[in-house]
Amino acid sequence: PVPKAPPAPVSKPATPFEIAMRTMANDLFKRVRNHKELENSGKIVVILEPLVAAETGEVVKPLSQRIEQVILEASQKQADKLVIQRLTPQQSQSLQYTIAGKIEFNHPDKIGYHRVLVAMSNRKTGTTLAKSNGFISAQEFKYQPAPKSQDSPKQPAPVNTQDSPNQPEFPSTILSPGEV
């Protein structure tokens, strides 16, 4: 008799977007709560910056706005010391704490998924207080990055955290007043 072939592996369905991003946000705030820099502080205003495409530095508005909304909702339940606000042009000069993030489209380690990374940083000291990441299905979010241009004013300069200790984990994207 011919042996039967082993059953095909069952592919795990993608975690729904809201659950994946809520899990990422909850993990970020859990890590922030445990950071010694915030132990004896009162309320802290944290500016939530738009998420950018890792490859180009461009803000991916519809996707970023959905992720930002999940982070804002999670902060109300998980981060009682933090007052999270979206970035406005008036705040760009007085930032101390920020949450910034990037999206790595079509992540090579997990085919068919985009990796979302977020970090909370103290801009004045360059300290990253906490970071977290999650994966979302590439099928749900089709994205074609804009062509790269080294001369583009929107292209942030690469940040090398090893050579520059006062830089946060992820580069900040501060938009001009007409771009918010």
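The structure we're discussing is the one just above.
Just so it is clear, the model here is predicted, and its values are computed rather than measured.

Time to look at the overall build of the protein chain. In terms of regular secondary structure, the protein chain is built from 2 helices and 6 strands. In the protein chain, the succession of α and β elements from N to C terminus is α-β-β-α-β-β-β-β. Per-residue burial over the protein chain gives 39% buried out of 180 residues. In the protein chain, once contacts between residues fewer than 6 apart in sequence are set aside, the share between residues at least 24 apart is 70%. Of the roughly 11000 Å² that the protein chain leaves accessible, carbon and sulfur atoms contribute 52%.

Moving on: helix α2 (residues 61-78). Taking 1.5 Å of rise per residue, 18 residues should cover 26 Å, and α2 covers 25 Å from first to last C-alpha, within 8% of that figure. Within α2 the residues assigned to the buried category are Leu-63, Ser-64, Ile-67, Glu-68, Val-70, Ile-71, Leu-72, Ala-74 and Ser-75. Looking at the buried residues of α2, the elements they touch are α1 (17-33), β1 (44-48), β3 (82-86), β4 (97-104), β5 (113-122) and β6 (127-137).

Glancing now at the pattern of salt bridges. The final tally for this structure, using the stated rule, is 5 salt bridges. Put simply, Arg-123 and Glu-49 hold a salt bridge, and the shortest N to O gap is 3.0 Å. One end of the pair, Arg-123, is in the loop between β5 and β6; the other, Glu-49, is in the loop between β1 and β2 (52-53), with 74 residues separating them in the sequence. Just as Arg-123 is buried, Glu-49 falls in that class too.

What follows covers the environment of Gln-85. You can see Gln-85 is positioned in strand β3. Judged by relative accessible area, which is 31%, Gln-85 ranks as partly exposed. As a C-alpha pair, Gln-85 and Ile-99 span 14 residues in sequence and 9.7 Å in three-dimensional space.

Take α1 next. Residue pairs three or four apart in sequence face the same way in an α-helix, which turns once every 3.6 residues. Its 17 residues place the ends of α1 24 Å apart at the C-alpha level, agreeing with the 24 Å of an ideal helix rising 1.5 Å per residue. Those residues of α1 that sit buried are Phe-17, Ala-20, Met-21, Met-24, Ala-25, Leu-28, Phe-29 and Val-32. Buried positions in α1, seen along its axis, are confined to an arc of 160° and lie on one side of it. Contact partners of the buried residues in α1: α2, β3, β4, β5 and β6.

Our focus in this paragraph is the nonpolar core. Most often, soluble globular proteins have nonpolar side chains that are buried together. Counting 35 residues, the largest nonpolar core has Met-21, Phe-29, Leu-63, Ile-67, Leu-82, Ile-99 and Met-120 as the members making the most contacts within it. For this core, the secondary structure elements donating two or more residues are α1, β1, α2, β3, β4, β5 and β6. For this core, the element with the highest residue contribution is α1, accounting for 8 residues.

Tallied over the entire structure, the rule returns 0 aromatic pairs. In this arrangement the basic side chain of Arg-66 is found over the ring face of Phe-17, its NZ or CZ atom lying 4.1 Å from the centre. Positioned over the ring face of Tyr-113 is Lys-110, at 4.9 Å from the centre of the ring.

Our next topic: the side chain of Ser-64. With respect to the helices, strands and loops of the structure, Ser-64 is situated in helix α2. By relative accessible area, Ser-64 is classed as buried at 0%. With residues near it in sequence (within four places) discarded, Ser-64 still touches Pro-50 and Leu-51.

Turning our eyes to something else, we now look at the packing of α1 against α2. At a minimum axis distance of 9 Å, the contact between α1 and α2 shows a crossing angle of 50°. Viewed along their axes, α1 and α2 adopt a mutual orientation that is oblique. In the packing of α1 onto α2, the handedness of the crossing is right-handed. In this structure, α1 uses Phe-17, Glu-18, Met-21, Arg-22, Met-24, Ala-25, Asn-26, Phe-29 and Arg-33 to contact α2, whose residues at the interface are Leu-63, Arg-66, Ile-67, Val-70, Ile-71, Ala-74, Ser-75 and Gln-78. Of the residues contributing to the contact of α1 with α2, the split by class is 10 nonpolar, 3 polar and 4 charged.

About the thresholds
Residues numbered from 1 in each chain as written. Predicted model: local features only at pLDDT ≥ 70, side-chain atom pairs only at ≥ 80, totals over all residues. Heavy atoms only, no water. Helix = DSSP H or I, 4+ residues; strand = E, 2+ residues; numbered from the N terminus. Buried < 20%, exposed > 50% of the residue type's maximum accessible area, 1.4 Å probe, protein only. Contact = heavy atoms within 4.5 Å. Areas by Shrake-Rupley, 256 points an atom, 1.4 Å probe, with all protein chains shown as cover. Expected span 1.5 Å × (residues − 1). Salt bridge = Lys/Arg side-chain N within 4 Å of Asp/Glu carboxyl O. Arc of directions from axis to C-beta. Core = buried A, V, L, I, M, F, W, Y, C linked by side-chain atoms within 4.5 Å. Phe/Tyr/Trp six-rings, centres within 6.5 Å; stacked < 30°, edge-to-face > 60°. Lys NZ or Arg CZ within 6 Å of the ring centre and 35° of its normal. Axes fitted to C-alpha atoms, helices over the stretch in contact; angles between N-to-C directions. Parallel < 35°, antiparallel > 145°, perpendicular 65-115°, else oblique. Left-handed = near helix turned anticlockwise from the far one by under 90°. Nonpolar A, V, L, I, M, F, W, Y, C, P; charged D, E, K, R; others polar.

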